[in-house]
Amino acid sequence: MVREANKGDLNQLLRLYTHLHEEGIPDDEMKLEKVWSAILADMNHHIIVNEINGRIVSSCVCVIILNLTRNVRPYAFIENVVTDIDYRGNGYATACLEYAKEIASSENCYKMMLLTGSKREATLNFYKNAGYNCNDKTAFIQWL
């Protein structure tokens with residue numbers, strides 16, 4: 001079942017993020033709870049999860065970014081696309097991305113963007129098959 005995350009999903013999400021790039025669950029519980037509450041209260045920040053038999057197995061984040069160009073139409077940024085390693089290849093992340101696209105469409109976004117650090121052909125093909133292309137823009141990152 002694909003849905004937006006709720007308050008009770010934090011621990012499962014943190015476990016899932018260890019399949020992304022995290023080495024563990026953050027230690028600062030007070031800061032974690034504060035950020036989690038802020039995310040849940042932000043109407044432009046959507047954490048989408050795919051839950052199978054009560055377990056969150058895939059997720060992505062869709063942030064709607066307000067914009068003064070393109071006839072004042074927002075755009076969506078997709079981040080933290082992840083599927084538990086034991087559940088990959090079953091379309092769970094694709095379903096999350098489709099849900100994100102529905103949100104972006106309902107918010108009248110003119111585009112959706114995502115970045116990936118992966119150079120794996122299978123990962124790049126996954127995003128291409130989901131409707132994204134790597135030809136229209138060039139991404140630059142400055143790590144802080």
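Note that the structure is a prediction, hence the values are computed from the model and not measured.

A. Local environment of the sheet that holds strand β1 (residues 2–4). With respect to topology, five strands assemble into an open sheet ordered β1-β2-β3-β4-β5, the strand pairing being mixed. Sheet topology places β1 and β5 (112–114) at the edges, where each strand pairs with a single neighbour. Each neighbouring strand pair of the sheet contributes to a mean axis angle of 30°, computed without reference to strand direction. By the bridge criterion, seven bridges tie strand β3 (residues 55–65) to strand β4 (residues 75–83) in an arrangement that is antiparallel. If you follow V63 over to β4, its bridge partner there is F77. Sheet strands touched by helix α1 (residues 10–17): β2 (45–52), β3 and β4. Its angle to β3, the strand with the most contacts, is close to 95°.

B. Quick look at helix α3 (residues 92–106). The end-to-end C-alpha separation of α3 is 21 Å, in line with the 21 Å expected for 15 residues at 1.5 Å each. If you check which residues of α3 are buried, you get A93, C96, L97, A100, I103 and A104. Taken end-on, α3 shows its buried residues confined to a sector of 110°, consistent with a single buried face. Counted as exposed and oriented over 90 degrees from the buried face of α3: E102, S105 and S106. The inward-facing, buried residues of α3 abut β1, β2, β3, β4, β5 and α4 (121–129). After α3 finishes, the residue N108 shows a positive phi value of roughly 65°.

C. Geometry of a nonpolar patch on the surface. A cluster of nonpolar side chains, namely L115, I141 and W143, defines an oily patch on the protein surface of about 380 Å² accessible area. With respect to the helices and strands, the residue W143 is situated in the segment after α4.

Cut-offs used in this document
- Residues numbered from 1 in each chain as written.
- Predicted model: local features only at pLDDT ≥ 70, side-chain atom pairs only at ≥ 80, totals over all residues.
- Heavy atoms only, no water.
- Pairing = 2+ DSSP bridges.
- Helix = DSSP H or I, 4+ residues; strand = E, 2+ residues; numbered from the N terminus.
- Axes fitted to C-alpha atoms, helices over the stretch in contact; angles between N-to-C directions.
- Contact = heavy atoms within 4.5 Å.
- Expected span 1.5 Å × (residues − 1).
- Buried < 20%, exposed > 50% of the residue type's maximum accessible area, 1.4 Å probe, protein only.
- Arc of directions from axis to C-beta.
- Patch = residues over 30% accessible without salt bridge, like charges linked within 9 Å, V, L, I, M, F, W, Y side chains within 5 Å.
- Areas by Shrake-Rupley, 256 points an atom, 1.4 Å probe, with all protein chains shown as cover.
- Salt bridge = Lys/Arg side-chain N within 4 Å of Asp/Glu carboxyl O.

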